[in-house]
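Read off the chains here:
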Amino acid sequence: MTVMTAAEIEDYLDDVFPHRQGTIEAVDHMRATMSLAIEDEHLRPGASVSGPSMMGLADVCLYVAILAEIGPEAMAVTSSLNCHFLRRARGDRDLIANARILKLGRRLAVGEVQLFSTGDNDPVALVTATYVLPDRDD
């Protein structure tokens, strides 16, 4: 069970992180799914989705999964992010990000995010990331 719903997280992010990209599609225990409608601003030469667009979506998606577990926390911040680009992300398809928290500790959260072009079964990128969590009263 999560402590925040997708709608609650969207409202919270509208206040603290309004320039984020992507739309929250779902949250579940230790997981989140987001989508990104691809526009010209997300493309690089060759009509491929740019790496920064993919990494940004992955970063926000893992943050959403973490918020669903710990509640509203603006100071949970990315401390590392590693992206493996696996294949071309076509610019004529939206992106889907599926985040999974692998470990949620008192001070760190570690997760992975698979990115897909809509309609494809094979991921276009695999991201691993770590977030530093502020002190919590548990």
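Residues numbered from 1 in each chain as written. Predicted model: local features only at pLDDT ≥ 70, side-chain atom pairs only at ≥ 80, totals over all residues. Heavy atoms only, no water.

(A) Representation of the pattern of salt bridges. Inspection of the entire model under this criterion finds six salt bridges. Among the salt bridges present, the one from E10 reaches R20, with a minimum N-O distance of 2.6 Å. A residue pair is termed long-range when its members are at least 10 positions apart, and E10 in helix α1 (residues 6–16) and R20 in the loop between α1 and β1 (23–28) qualify at 10 residues. By relative accessible area, which is 14% here, R20 ends up buried. Ionic pairing is found between D120 and R93, a salt bridge with its closest N-O pair at 2.5 Å. Of this pair, D120 sits in the loop between β7 (108–117) and β8 (125–132) while R93 sits in the loop between β5 (77–85) and β6 (95–104), and the two are 27 residues apart along the sequence. A relative accessible area of 29% means that D120 is categorised as partly exposed. Via salt bridges that share partners, E10, D14 and R20 belong to a single interconnected network. (Salt bridge = Lys/Arg side-chain N within 4 Å of Asp/Glu carboxyl O. Helix = DSSP H or I, 4+ residues; strand = E, 2+ residues; numbered from the N terminus. Buried < 20%, exposed > 50% of the residue type's maximum accessible area, 1.4 Å probe, protein only.)

(B) Fine view of unusual backbone geometry. At M30, a position not held by glycine, the phi torsion is positive, near 65°. Tracing the backbone shows M30 in the loop between β1 and β2 (31–36). Overall, the relative accessible area of 18% leaves M30 in the buried class. Despite not being glycine, A47 has its phi angle at roughly 60°, a positive value. Within the element layout of this structure, A47 appears in the loop between β3 (43–44) and β4 (48–49). The exposure class assigned to A47 is partly exposed, which follows from its relative accessible area of 41%.

(C) Layout of the nonpolar core. Core analysis: the largest hydrophobic core is formed by 41 residues, its most contacted members being L95 and L115. At the level of secondary structure, the elements contributing two or more residues to this core comprise α1, β2, α2 (51–70), β6, β7 and β8. At 13 residues, α2 tops the list of elements feeding residues into this core. (Core = buried A, V, L, I, M, F, W, Y, C linked by side-chain atoms within 4.5 Å.)

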